[in-house]
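If you want the building blocks of each chain, they are given just below.
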Amino acid sequence: MKRTYGLALGAALAGLAGAASADATWGDFPGTTLRVKLIGGAQYEPLYAEIPKWEAATGARVEIISRKNHFELDREIKQDIAARTLDWCVGSNHTSFAPQYGDIYIDLREVVPEEVLAGFVPLVLEHSTVGGRLVQLPRHSDVSNLYFIRSLFENEDNKARFKAQYGYDLAPPETWAQVKDMAMFFANPPAFYGFQFVGKDEAVNGRFYEMLVAEGGQMFTEGWEPAFNSDAGVRALQFFVDLYQAKAVPAGVPNYLWDDTGLGFASGSVALNLDWGGWSAFFNDPANSKVAGDVGLVRAPKGSAGIRTGWSGSHTFSITETCPSKAAAASFVTFLTDYERQMIEARRGLLPTRTQVWEDAKAEFAASGNDFMLHVFSTFQASMAEDAFTPILIPEWIEISNIMWPKIQAAILGDMTAREALDAAAKEVRELMEDAGYL
Amino acid sequence: MARILTSRRAALTPLLLLLPAIATMLFVVALPLVFSLWTSFTPYRLTRPDTLYDVIGLRNYIRLMSDAAFWVAFGRTVLFLAIALNVEFLLGLGIALLINRITWGQRGLRTIMMFPMMFSPILVGFQFKFIFNDNIGILNNALQSLGLTDQAIPWLVDARLAMFSIIFAEVWMSTSVFAILLLAGLFAMPRDPLEAAKVDGCNAWQVFRHIMLPFLMPFAFIAMTIRSLDVARAYDIVAVMTGGGPAGRTELLWTLIARVGYDNARMGQANAMAYVSTLLSVLFTWYFFRKLVAARRYMGGAQ
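The present account deals with the structure reproduced in this document. For clarity, every value in this text was computed on a predicted model and none was experimentally measured.

### Examining the side chain of Ser312(A)
Residue and element names in this part refer to chain A.
Point 1. Structurally, Ser312 is set in the loop between β9 (295-298) and β10 (313-319).
Point 2. Among the residues examined, Ser312 registers a relative accessible area of 4% and is labelled buried.
Point 3. For Ser312, the residues in contact, after removing those within four places along its chain, are Asp142, Val143, Met384, Ala388, Phe389, Thr390 and Pro391.

### Considering the packing of helix α3 (residues 68-101) of chain B against helix α4 (residues 106-113) of chain B
Residues and elements named next belong to chain B.
Point 1. Packing of α3 against α4 leaves a shortest axis separation of 9 Å and a crossing angle of 160°. Taken together, α3 and α4 sit at an angle that is classed as roughly antiparallel. Our pair here, α3 against α4, has a crossing hand that is right-handed. Contacts between α3 and α4 involve Ile95, Ile99 and Asn100 from the first element and Gln106, Leu109, Arg110 and Met113 from the second.

### Section: the pairing of β10(A)
Residue and element names in this part refer to chain A.
Point 1. Burial of β10 is extensive: 7 of the 7 residues sit out of reach of the surface.
Point 2. Note: strand β3 (residues 90-94) against β10, 5 bridges, orientation antiparallel. Residue Val90 lies in a different strand from β10, and its bridge partner there is Ile319.
Point 3. As defined by bridge partners, strand β6 (residues 137-142) adjoins β10 across 5 bridges and the pair is classed as antiparallel. Across the sheet, residue Pro138 finds its bridge partner in β10, namely Thr316.

### Some details on the nonpolar core
Point 1. Grouped together as the largest cluster of nonpolar side chains are 142 residues, with contacts concentrated most on Phe195(A), Met219(A), Phe228(A) and Met404(A).
Point 2. Broken down by element, the residue count for this core peaks at 11 residues, all from helix α18 (residues 397-413) of chain A.
Point 3. The two domains that each donate at least three residues to this core are domain 1 (2-142 + 312-375) and domain 2 (144-311 + 396-435) of chain A.
Point 4. Apart from the residues lying within four places of it in its own chain, the contact partners of Phe228(A) are Phe208(A), Leu212(A), Gln218(A), Met219(A), Gly233(A), Met404(A), Leu422(A), Ala425(A), Ala426(A) and Val429(A).
Point 5. Grouped together as the second largest cluster of nonpolar side chains are 71 residues, Ala82(A), Leu213(B), Ala232(B) and Leu256(B) included.

### Topic: the environment of Gly306(A)
Point 1. Mapped onto the fold, Gly306(A) is located in the loop between β9 and β10.
Point 2. For Gly306(A), a relative accessible area of 45% gives the class partly exposed.

### Description of the pattern of salt bridges
Here the idea is simple: oppositely charged side chains can pair when their charged atoms come close.
Point 1. Following the criterion strictly, the structure yields 43 salt bridges over all chains and no others.
Point 2. Salt bridges here are not isolated pairs; linked through shared partners, they connect Glu50(A), Lys53(A), Asp338(A), Glu340(A) and Arg341(A).

### What about the packing of aromatic side chains?
Point 1. On inspection of all chains with the given rule, the structure shows 48 aromatic pairs over all chains.
Point 2. Residues Phe132(B) and Phe168(B) carry aromatic rings whose centres are separated by 6.1 Å and whose planes lie at 90° to one another, so their mutual orientation is edge-to-face. With Phe132(B) in the loop between α6 (121-131) and α7 (138-145) and Phe168(B) in helix α8 (residues 159-188), the pair connects residues that are 36 residues apart, well separated along the chain.
Point 3. For Phe132(B), a relative accessible area of 3% gives the class buried.
Point 4. Chaining the aromatic ring pairs together yields one cluster made of Phe148(A), Phe153(A), Phe162(A), Tyr166(A), Tyr168(A), Phe185(A) and Phe186(A).
Point 5. It is Arg354(A) that lies over the ring of Phe120(A); its NZ or CZ is 4.5 Å from the centre.

Conventions adopted
Residues numbered from 1 in each chain as written. Chains lettered and ligands numbered in written order. Predicted model: local features only at pLDDT ≥ 70, side-chain atom pairs only at ≥ 80, totals over all residues. Heavy atoms only, no water. Helix = DSSP H or I, 4+ residues; strand = E, 2+ residues; numbered from the N terminus. Buried < 20%, exposed > 50% of the residue type's maximum accessible area, 1.4 Å probe, protein only. Contact = heavy atoms within 4.5 Å. Axes fitted to C-alpha atoms, helices over the stretch in contact; angles between N-to-C directions. Parallel < 35°, antiparallel > 145°, perpendicular 65-115°, else oblique. Left-handed = near helix turned anticlockwise from the far one by under 90°. Pairing = 2+ DSSP bridges. Core = buried A, V, L, I, M, F, W, Y, C linked by side-chain atoms within 4.5 Å. Domains from an automatic or database assignment. Salt bridge = Lys/Arg side-chain N within 4 Å of Asp/Glu carboxyl O. Phe/Tyr/Trp six-rings, centres within 6.5 Å; stacked < 30°, edge-to-face > 60°. Lys NZ or Arg CZ within 6 Å of the ring centre and 35° of its normal.

The analysis is restricted to geometry; functional conclusions fall outside its scope.
The structure is reproduced here in structure tokens:
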């Protein structure tokens, strides 16, 4: 049956293999109504303005029954699983969340033709695969690089004072050790801070995790024993502790999430900011940002192991097993992630998942003389290709995060030492892994 | 014979009339309660519905007994409740006494006083989250502009300040519950004992302490019962302002239970926590009802 959907859609989407999809036929689904649950928020909405085009082309109708942020959507989906009310077809998903949902989503390789999938960056498709099944089609990716206020690094007085204090030249940092020095050098609380970081929920655990990798550590051994309470783990956590204790970051960072760090950097009160590409256009827009025209960007720095931080994930779309019109749903998610739609999102700074869109977006920025966005895309393309790694794709990841982040916060705030916090977290994570049958 | 049938029918009538209400209560209250109690004896996970049928006995409850995070949150909720209720009572009493004394514009003031109650707790949470924000918050900006501090005071990060901020938001929103009920008490108060006390030469404090306060206490205990149930399940304001963090410093029972139940999808364990937590509400309600009965008895005697 599933193979039939695949064949039907294969014919319908035959024109999609190429870059341009102006002539693509999206199939014919008159009278079909697709119930969908989508991630909401300013960054995500422009894509949804394209939905009427798909409706006009196919005769189908899209009913958006939920539009929430990912954490709320995640709760709602879990309730749907529990109540067995998966009466919708397409849902926004994320590579970090997907492993939790078991087998509620179909393997998209059975309904999306191989030629279409060939247009995506192979590593991103690999990250979208859970247990050998491609449960999600990536919409845009997410990895962080280091933004900085350029003029601070060009100021001669700053250069001379930094050199005198730290013994090396002030330049955009190449290592996290340098970031620490520079953050402390620039900090002048409460008016100005050197650095900032997201400080709660899965976000701070993700930041710790990528720093752990950059320091040469790992979350688990081969046999799933917690291994993050190693010397590398302590070094990784100590980075955040030291910056907080030195007041080089705002006192409120343990309550910060993505919006707080983005808006904080745009307010001009922070020298260095590790953030995703989606903010780049915003940071350089004079209407929104006090640092517009003065924004620098370098690849995420390296830890002491010589590895760059590169915690990454992708926003994706999935189709439920219970969907009665899988062919229409497959057409819809393919439409939302096709070349044209990705170009729309790329122009706003979101990182595409299609190889061709990377190149064409860069060419478009170059042609229009937008050197800043060209630099942004070149930087993020390099980090997506060389530095990006996902969290551990097991169903327990979010639960592990929920054990980790209060302990990470406790160390940052000085309630525990980094070693104590990681040991305590390791004990709880071990119990969790035992319960889940890994140990 | 016919008479017996008629009387039996008459006896059944109230039951028949009540049947829709009873059926609704069973469906809306009893059934979910029984279901959630059942899940607390299972390893039920939202993402694995089949686990609903694996009975593990008291394992969730036994685990809870040694769960330090749960008991810390339990203790913090009791403290939160005690402080919030007392402050709300004292402020509500003060406001009621002041409003009771004015003769012009009382109605307008009574309406204004109720404004905070009209906001959704989520909005109140956001309002105070921005007021207390260390970097862009109005409070820190005001304190810095007035030259009272040159620091960014971490209102929502420091353990004591964060609890203070949350209690402040809770008190801001709900003091009017006390004020309104106590004001109603003041309106219902007979004038004779007050006048008699004045004739006997009692001063204002004595009148308040020995006549007004005992008369008002039943009203206060009703307000406390209502508010203790409210505060014991406090979630919205805390979830928005701090999410129970940082480092669990403001974790209350329901922020913890929501995280275990929804984010970690361990609904069986969360329901076990919830059942133990309801003990808290039952305890407070029982305590305040006892006090209410005692206060009414005292008031009756005084009259």
